[in-house]
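Residue-level listing of the chains:
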Amino acid sequence: MIRIENLTKSFKNENSRLVALNNVSANIGNGELLGIIGSSGAGKSTLIRHLSLIEQPDSGTIWLDEIDLFKLKGRDLLRMRRQLGIVFQGYHLLEQKNVYENIAFPLQLVKMSKTEIKKRVDELISLVGLNGKAQAYPVQLSGGQKQRVAIARALASSPSLLLCDEPTSALDVVTTKSILDLLVEIHRKTQVTIVIITHELSVVKAVCQRVIVMDEGSFVEDGSVKQVFTSPKHEMTKLLLGYQEGQL
Amino acid sequence: MTELLIKGTFDTLYIVSMSTLFALIGGLPIGVLLVIWQKNGIAPFVYGEKILSSFVNTVRSIPFIILIIALFPFTRLIVGRSYGIQASIVALVVGAIPFVARLVESALAEVDEGLIKAAITMGATSWQIVVKVYLVESVPALIRLVSLTMITLVGYAAMAGVVGGGGLGDIAIRYGLHRYQTDVMLLTIVIMVIMVQLIQSSFNFIANRQDRRRP
């Protein structure tokens, strides 16, 4: 169970103060498949940086079960980061390493034995549907395949949370669908908690059970996808929905 | 004369490879520190970076021929005398360390910043990021850097010949210049041109083979 509690973060410029996260709170239950949606500037990136433990809040905190994540220091912090799997929009794979070595990377960080690594990586390669690609280098892969490698890498250390930061925004429609199907399948098989942060309504509609709408640093709506999208209350939600319909 | 040139060639090769080796040993860690100590680096230490950077700039701004002479006392301390092959190597290493450090710095700066961030979120320690991300990802650039250093040192080693540093430069100056033996002068130049070509093409070959970013 993850509890985001009154999380606040602002950035100061010379003469302006930008509130990126304004006292946001939410509970994320184990095994949930949650979407967080908002337009650019809504505070999504700042939220991700906090969830991935590379940014400290001004106030408030995030709890993972009984652990206050922002009180962790040194080794404990590294250990906690290893329990989070993150998928990035830009893949960020090691270009000089092949698929196998990329997926093995987080396991090598914790000095897992070679035989254990092999077993785990082989499992993951077949889970994400990259059989036969173990020896390929990233340059030889398509965008969708690269994102599959990134997903496998994020899952390698059996994380309690899989955080996806705009996972399909660099992909075409068909590839997006296959990656989203993969995420749903992973969720069904492993029951890992998945949080997808995106600006694309279609992504949330396609896979999520619950959605949080972000606007100007706040969580303005939080509920089941069906409920939020059929009877939107906040202006931003309506805007997101209207914009989408206008496009179609 | 042939014997002389063969010996000179081997001396130059020896001087160049030994100095490159030691310059890498000294320059690689400095280059890494220059990157990771930066304000946005993975282990920020701004004062350390500033001090290291000004040391590098200072040594790099001294003309090499002056550096050799200025280093005489130091060279004597290390190898017992200020002329000959060993002495050349000392001066070349001191001159090349800052050069290598800057090359390493720019090679590592090419590594995708997002990948470094990703490694941090995966719980990698600073040491692991240096060894498993920065150095691994810049292997082709580092191989090219070795050839660049060697070629620069072929030229520098010839300069060390002015003060009796041994090798082809020494021969060119003693026979070609002082005794007006133009044929010796020309031959040393030809040998050095071939040497540089061979270094360049062989390291390019290795670097390209190691570059996994080529489809």
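You'll find the structure just up there.
Going along each chain's sequence as written, the residues are numbered from 1 onward. Labels are handed out in written order, letters beginning with A for the chains and numbers beginning with 1 for the ligands. Note on the predicted model: pLDDT of at least 70 is required for a residue's local features to be given, and 80 or more for side-chain atom pairs to be given and counted; whole-chain, interface and lining totals, by contrast, use all residues. Side-chain measures were taken over the full set of non-hydrogen atoms in the model, leaving aside hydrogen atoms and water.

*Asks:* What's the story with the overall build of chain B in this structure? I'm lost.
*Replies:* In terms of helices and strands, chain B carries ten helices and zero strands. Only runs of H or I of at least four residues qualify as helices and only runs of E of at least two qualify as strands under DSSP, and these elements are numbered from the N terminus. Listed by position from the N terminus, the elements making up chain B come as α-α-α-α-α-α-α-α-α-α. Overall, chain B is about 65 × 45 × 25 Å in size when its C-alpha atoms are taken along their principal axes. Three labels apply to residues, based on accessible area from a 1.4 Å probe with only protein chains included: buried if under 20% of the type maximum, exposed if over 50%, partly exposed otherwise in between. Split into buried and exposed, the 215 residues of chain B put 50% on the buried side. Residue exposure ignores everything except the shown protein chains as possible cover, and the areas themselves are Shrake-Rupley values with a 1.4 Å probe. When the accessible surface of chain B is summed, it comes to about 10700 Å², and 67% of that surface belongs to carbon and sulfur atoms. Put simply, chain B has 16 plus and 11 minus side-chain charges, and the middle of one group is 3 Å from the middle of the other. Only four residue types enter the tally: Lys and Arg on the positive side, Asp and Glu on the negative side, with His and both chain ends excluded. To locate a charge, the coordinates of NZ of Lys, CZ of Arg, CG of Asp or CD of Glu are taken.

*Asks:* Got a minute to help me understand the nonpolar core in this structure?
*Replies:* Only buried Ala, Val, Leu, Ile, Met, Phe, Trp, Tyr and Cys residues count toward a nonpolar core, and they belong to the same one when joined by side-chain atoms within 4.5 Å. Ranked by internal contacts, the top residues of the largest apolar core, which has 94 residues, are L47 of chain A together with I129, V133 and Y134 of chain B. If you tally residues by element for this core, the top one is helix α5 (residues 85-109) of chain B, at 14 residues. Where each domain begins and ends follows an automated or database-derived domain assignment. Shared between two domains, this core takes at least three residues from each, and those domains are domain 1 (2-83 + 160-247) and domain 2 (92-158) of chain A. Contacts: residue pairs with any heavy atoms within 4.5 Å of one another. Those residues in contact with I129 of chain B that lie beyond four places of it in its chain are I42, I116, A119, I120, A124 and Y134 of chain B. Membership of the second largest hydrophobic core comes to 51 residues, among which are V99, I117, L180 and V203 of chain A.

*Asks:* Honestly, helix α9 (residues 167-177) of chain B in this entry has me stumped. Any pointers?
*Replies:* An α-helical turn contains 3.6 residues, so any two residues separated by three or four positions project in the same direction. Residue and element names in this part refer to chain B. Judged by how many residues are buried, α9 sits mostly within the fold: nine of eleven residues are covered. The complete set of buried residues in α9 reads G167, L168, G169, D170, I171, A172, I173, Y175 and G176. Each element contacted by the buried residues of α9 is listed here: α1 (2-36), α8 (139-160) and α10 (182-210).

*Asks:* Sorry, what's going on with the sheet that holds strand β8 (residues 193-198) of chain A here?
*Replies:* The strands that make up a sheet pair up through hydrogen bonds in the backbone, lying either parallel or antiparallel. All names here are of chain A. What makes two strands pair is DSSP finding at least two bridges between them. Spatial strand order, β6-β7-β8-β3-β9-β10: six strands in an open sheet with mixed pairing. Looking at strand neighbours, the two that pair on one side only are β6 (84-87) and β10 (218-224), the edges of this open sheet. Recorded for the sheet is a direction-independent mean angle of 15° between the axes of neighbouring strands. Inspection of the sheet shows β6 paired to strand β7 (residues 161-165) by four bridges, in the parallel sense. The residue bridging I86 from the neighbouring strand is L163, located in β7. What counts as an axis is a line fitted to C-alpha atoms, over the stretch in contact for a helix, and the angles between N-to-C directions run from 0 to 180 degrees.

*Asks:* Mind showing me how you'd approach the pairing of strand β2 (residues 17-28) of chain A here?
*Replies:* In summary, the side chains of a regular strand alternate between the two faces of the sheet. All names here are of chain A. Strand direction decides the pairing type here: strand β1 (residues 2-12) and β2, joined by eight bridges, are antiparallel. Counterpart to I2 in the pairing with β2 is I28. The hairpin formed by β1 and β2 contains four residues between the paired strands.

*Asks:* Help me understand the pairing of β10 of chain A in this model?
*Replies:* Residue and element names in this part refer to chain A. Direction of pairing for strand β9 (residues 210-215) relative to β10: antiparallel, over a ladder of six bridges. Looking across to β10, one finds that I212 is bridged to D222. Hairpin geometry of β9 and β10 is characterised by an intervening segment of two residues between the two adjacent antiparallel strands and by a positive phi of about 45° at E216.

*Asks:* Sorry, what's going on with the interface of chain A and chain B here?
*Replies:* A common measure of how large an interface is: the accessible area buried when the components associate. The interface of chain A with chain B comprises 23 residues on the first partner and 25 residues on the second. Note on definitions: buried area is the accessible-area loss of two parts on being combined, 1.4 Å probe, summed for both. Around 2100 Å² of area is buried between chain A and chain B when both sides are counted, 65% of it from carbon and sulfur atoms. Salt bridges are identified by distance alone: a Lys or Arg side-chain nitrogen within 4 Å of an Asp or Glu carboxyl oxygen. Our count for the chain A to chain B interface comes out at zero salt bridges. The term polar contact refers here to a pair of N or O atoms within 3.5 Å; inside protein, the definition further demands a hydrogen-donor-capable atom paired with an acceptor-capable atom, and it admits residues adjacent in sequence only when both atoms are side-chain atoms. In this assembly, chain A and chain B are joined by eight residue pairs in polar contact (both at pLDDT 80 or more). Of all the secondary structure elements, the ones that give two or more residues to the side of chain A that touches chain B are α2 (74-82), β6 and α3 (99-109) of chain A. Residue polarity is assigned by list, with Asp, Glu, Lys and Arg as charged and Ala, Val, Leu, Ile, Met, Phe, Trp, Tyr, Cys and Pro as nonpolar; anything else, Gly included, falls into the polar class. Residue classes in the side of chain A that touches chain B are distributed as twelve nonpolar, four polar and seven charged.

*Asks:* Looking at this structure, I do not really get the side chain of T168 of chain A. What am I missing?
*Replies:* All names here are of chain A. Looking at where T168 falls in the secondary structure, it is placed in the loop between β7 and α6 (173-190). On the basis of relative accessible area, T168 is assigned to the buried category, the value being 0%. Aside from chain neighbours lying at most four places away, what touches T168 is T176, I179, L180, E200 and V203.

*Asks:* Help me understand the pattern of salt bridges, please; the structure alone is not making it clear to me.
*Replies:* A side chain with one charge can pair with a side chain of the opposite charge if their charged atoms come near. Residue and element names in this part refer to chain A. Evaluated as defined, the whole model comprises 18 salt bridges over all chains. For K9, the salt bridge is made with E55, and the minimal N-O distance between the two is 3.9 Å. Within this pair, whereas K9 is found in strand β1, its partner E55 is found in the loop between α1 (44-51) and β4 (59-64), the two being separated by 46 residues in sequence. With a relative accessible area of 15%, E55 lands in the buried category. A salt bridge links E123 to R120; the shortest N-O distance between them is 2.9 Å. Taken together, the positions of E123 and R120, both in helix α4 (residues 114-127) and three residues apart, correspond to about one turn of that helix.

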